Structures are given as structure tokens and as C-alpha cells.
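What follows is each chain in one-letter form.
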Amino acid sequence: MNNISVIMIAHNKKEIIKSQIEQLSSIHNISMDSITIVDNHSSDNLCDFLVSQSRLNYIICDDKIENYSLILNTCISEFVNTQNDILILDPDSFLLPETLKKLSSALNPDNGIYAVCPQNILDISNDIHSFSAALNYVNNTDVSKINLFKIIKPEINTILLSHKLLSEHTLFDSEIISDELCLTDFCINNILNDQFTYMADNVYQYYIGNHNSYYSPTNRNCDLAYIRQKWHMNYINTIPSSNLISMINEPIDKELNVLEIGCDCGATLLAIQALYPNSKLYGIEINPISAKIASHIASVKTANIEESVDLWNDIKFDYILFGDVLEHLHNPSKVIHNCHHILKKKGKIISSIPNLMHFTVLHELINGNFHYADTGLLDKTHIHFFTYNEIVKMYEENDFNVISTVASNLTPLLSKKDSDFIDALTKLSSHKNDMLFKAFQYITLAEIKDTKNN
């Protein structure tokens, strides 16, 4: 494939890089002189291997781990033909046969498709535990039909970019050091120009990594401070809430009106659109920058929901979503009550709410500690705290029936000390249900009660 240039930035990935080069050449027909490898301060002699290659383009960062954004900009300016599309390939991501060909055919800048990425095949089947098993899956499954759906950014740092995207705009923000936030910032900028990244369904990569960046916490803290200054957001949420989405159980062709309160940049709404293409999406967001980004995904208004939730004339909603929002409100019960007149008959509210009864909170509390933090159960921006009973009470007092509740983020492996502590708490409690101490948060589906007013 002569019209694609490949960039891989690696840290201590010598053997993986050797395998990647062999597969890019033999399976995907990429010539060696179209591949650029960056040794980002490795200690496994990757540099010696790169120097021994006669046709391969390479950069060796031997003094320190260098800025990911700056590396990308350097690779593109020095080694990439301006007419070539660019594959940024995570070293731990192996492309299955036909993947690169399909991604290339999916790029269509004239129709607004400037960036595409493959799915992680490990997310498709729990039975795939090796590359050979992934090959077997592809060879025995009909993967001829390709569906594209918009995402905020790829979960894995593998993405194919049209050369037209990079010729029309500035490249990567060289102030950003780490890989994750580099691509996040890049994709958000593109969304503001209505140039989304698309996930290609039935087009696969096999990912052997663990999502842990080799950039230091200091690097990430510098990036977060820069992101706060640049975007006026504490963080940029690019991951949809699968917990909220899983509570929607409707025919895929149904025309749904969905409102997300506190929609952030719109990642969850975007995922709902992929599952329910006939849905009409709405959002309320208090941060004007987040709302501006989300407005490229849905009909979004900047507002404080404690002042009003009725912002669209004559529109009634099938679902209203609160993803980790109610605990930040001064009067969450009133907001739930105000949702009545904008919901359809049998309309539903889906909420995710942290659980104050989590054993880690109680362990600190009985020792006299109640430490607020930047994130988590004791997020310093939390105003209200909930237990399971208080969640049910809030809905029932506002004429909603809780029809389903799921305890999420359960700790998979508990130490004996934690297990003993939970057992002791359970014996002391009246409910005798240890799950109430293990649940980090509750995902709740509540429906308007069938009363005369509805």
C-alpha cells in the first residue's frame, strides 16, 4: 500500500517492533521506506536494531523520554510524503489481515471521514486469547460488511489519518507530552471542525498491551494542568458510560428522544447514536466549552439544571440520563421531580450514583477520617452523598418506581483484611447484605409511576 506511511513510537518494545515490521510488510504490503520507528529512550537495544536497518526510517531519543506530540510532528514533517495517509500504530496493536486495506477504503474526506480506527478484537469475543485465535475468528466470520460510527477518540492509540486532515489544520499540540492526551486533544480539535474519528465495525486489531503509559505521573500532571488551561476543563471525558447505555433496552430502530444531563463532551450520547441510529439526542451541560464540543454531536444547551431542565419546547423524552451528576447538586430530589413534565408517559431516568457505604469509606470513617479528594467517592465537588436506601427513597418520594439497580465497579479480589472488615460490617447491619458495602456506585433505572397525572 504505497499511499500509507506508518509511524510507531516505542519504548522498550524491540521484539514487538521486529514482529510489527514483518507483519506490516508480509500481510499489509507496506514497504520498509514507508515505516518510521521512534525509539523513545529504550533500554532494550532497540536503537541497535534500528541502526542495522537499511531502508527503515527511524529516530532515536537517547537522552530522555521525549514529548509524544513533538515526535509525531517531527516524523510527519521529515519522513511522510504529503500525499500519503498516516497510520499512527500503537506498537502493541497488531492489525489483522485486510484491516489496513479496509481502513484505507473507509477514509473519505469528501464525505467528512478524515480519521478511522479498527476495533479491538478482544472486545468482540472472550474466547480469543492469542493472535492465531484472532486470525481464526476473522477467517471463519463474515467480516465483509463495514459499518462506521463516530467516536470521540480511539481507546487504543492506533488511528489512520487522511493527509487532507493534516494539510488543512495545524498538527499535534507540541505542548502536550503524553500519548493519551496528545490524541485526545487532537481529536477534540477535529470535532470542533466536524471532522470526527470513526470506528470501523468488523475491522480488527489484536491488542497485547495494558493501556499503561510509560510517561511518568509528572508528565501527566503537567499535561492535565495544560489541558485545564487550554480547554477550561479538569479533564476531557472521551469514554462513554457503558453502565448507563446498558440500561436502555429498546428495538434498535426505535425513534427515541434521549436527554443526558451533564453530558460533558458527548461521548455517551455518541455511543447511543451508534446503537440507536434513529434516536434524537439532547444534552444539558454547565461547562460552556464541553457544551460546545457536545453540540457537534447533539442538540446541547449550556445551563444549570438546578435552575431548569425544561429547555426544549414541546419535546418529551423517553430517557433522561444522569451520569455521576446527582451527587453534585444542592437539591437532587427537586431536579428529579422537575423531570416529570419533560418525560413521556412511562418515561425513564437512568442514573449512576456513588455509594457512600463502600467499605473503603467506612474503614476510614471509623478511624475518624473523611478525606476529600480530586476524584472518587469523596470527590471534593460532591455536595450530596447517597446509599442504596437513599437512592430508592429519592425516586419513590418523587413518584418514580425503581425497576432495576445494578451495583457496579465491584472489587474483583479482596484482601483477607478487607473481606473480614466487610463480614464484620454485614453482621452489625440490619440488612445483612454485604453487596451494599462492596458496590462503588449504583446504576439505577427508574420509571414514572402510573398515576392520573400521567
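Everything here concerns the structure above.
Definitions and cut-offs
- Residues numbered from 1 in each chain as written.
- Predicted model: local features only at pLDDT ≥ 70, side-chain atom pairs only at ≥ 80, totals over all residues.
- Heavy atoms only, no water.
- Pairing = 2+ DSSP bridges.
- Helix = DSSP H or I, 4+ residues; strand = E, 2+ residues; numbered from the N terminus.
- Axes fitted to C-alpha atoms, helices over the stretch in contact; angles between N-to-C directions.
- Contact = heavy atoms within 4.5 Å.
- Core = buried A, V, L, I, M, F, W, Y, C linked by side-chain atoms within 4.5 Å.
- Buried < 20%, exposed > 50% of the residue type's maximum accessible area, 1.4 Å probe, protein only.
- Patch = residues over 30% accessible without salt bridge, like charges linked within 9 Å, V, L, I, M, F, W, Y side chains within 5 Å.
- Areas by Shrake-Rupley, 256 points an atom, 1.4 Å probe, with all protein chains shown as cover.
- Salt bridge = Lys/Arg side-chain N within 4 Å of Asp/Glu carboxyl O.
- Phe/Tyr/Trp six-rings, centres within 6.5 Å; stacked < 30°, edge-to-face > 60°.
- Lys NZ or Arg CZ within 6 Å of the ring centre and 35° of its normal.

1. Description of the sheet that holds strand β14 (residues 343–354)
- Strand order across the open sheet formed by seven strands is β12-β11-β10-β13-β14-β16-β15, with mixed pairing between neighbours. Because the sheet does not close on itself, it has two edges, and the strands there are β12 (299–302) and β15 (400–408). With direction set aside, neighbouring strand axes in the sheet form an average angle of 15°.
- Alignment of strand β13 (residues 317–323) against β14, held across six bridges, turns out to be parallel. Bridging across to β14, Leu-321 finds its partner in Ile-350.
- Each of β10 (257–261), β11 (280–285) and β13 is contacted by helix α10 (residues 267–275), which is oriented at about 175° to β11, the strand it contacts most.

2. Thoughts on the nonpolar core
- Ile-88, Leu-161, Phe-172 and Ile-350 are the most contacted members of the largest nonpolar core, which totals 90 residues.
- Those residues within four positions of Ile-350 in sequence are excluded, and the remaining contacts are Leu-244, Met-247, Ile-248, Tyr-319, Ile-320, Leu-321, Phe-322, Ile-443, Thr-444 and Leu-445.
- Core analysis: the second largest hydrophobic core is formed by 38 residues, Trp-312, Cys-339, Ile-422 and Leu-425 among them.

3. Overview of a nonpolar patch on the surface
- On the surface, Leu-365, Phe-370 and Tyr-372 cluster together into a nonpolar patch covering about 280 Å² of accessible area.
- For Leu-365, the location among the structural elements is in helix α13 (residues 359–365).

4. Some details on the pairing of strand β4 (residues 85–88)
- Side chains Asp-85 and Leu-87 of β4 all project onto a buried face; the interleaved residues Ile-86 and Ile-88 project onto the opposite face, where all are buried too.
- With four bridges joining them, strand β1 (residues 4–10) and β4 adopt parallel strand pairing. The residue bridging Ile-7 from the neighbouring strand is Ile-88, located in β4.
- Summarising the sheet, β4 and strand β8 (residues 159–161) pair through three bridges and their orientation is antiparallel. Bridge pairing in β8 places Ile-88 opposite Ile-159.

5. Describing the packing of aromatic side chains
- According to the stated counting rule, one finds 13 aromatic pairs in the structure shown.
- With centroids separated by 5.6 Å and ring planes inclined at 85°, the aromatic side chains of Phe-370 and Tyr-372 adopt a geometry described as edge-to-face.
- Overall, the relative accessible area of 32% leaves Phe-370 in the partly exposed class.
- Classification of Tyr-372 as partly exposed rests on a relative accessible area of 46%.
- Chaining the aromatic ring pairs together yields one cluster made of Phe-94, Phe-131 and Tyr-206.
- The ring of Phe-196 has Lys-150 lying over it, and the distance from NZ or CZ to the ring centre is 4.5 Å.

6. Overview of unusual backbone geometry
- In the Ramachandran plot, His-211 falls in the positive-phi region, its phi being about 70° despite a non-glycine side chain.
- Locating His-211 in the fold gives a position in the loop between β9 (197–207) and α8 (217–231).
- A positive phi angle, close to 70°, is found at Lys-346, a residue other than glycine.
- Along the chain, Lys-346 falls in strand β14.

7. Thoughts on the pairing of strand β6 (residues 115–120)
- The buried count for β6 comes to six of six residues, which makes it a mostly enclosed element.
- With two bridges connecting them, β6 and β8 associate as antiparallel partners. Its bridge partner lying in β8, Val-116 is registered against Leu-160.
- With six bridges joining them, β6 and β9 adopt parallel strand pairing. Bridge assignment links Val-116 to a residue of β9, and that residue is Tyr-198.

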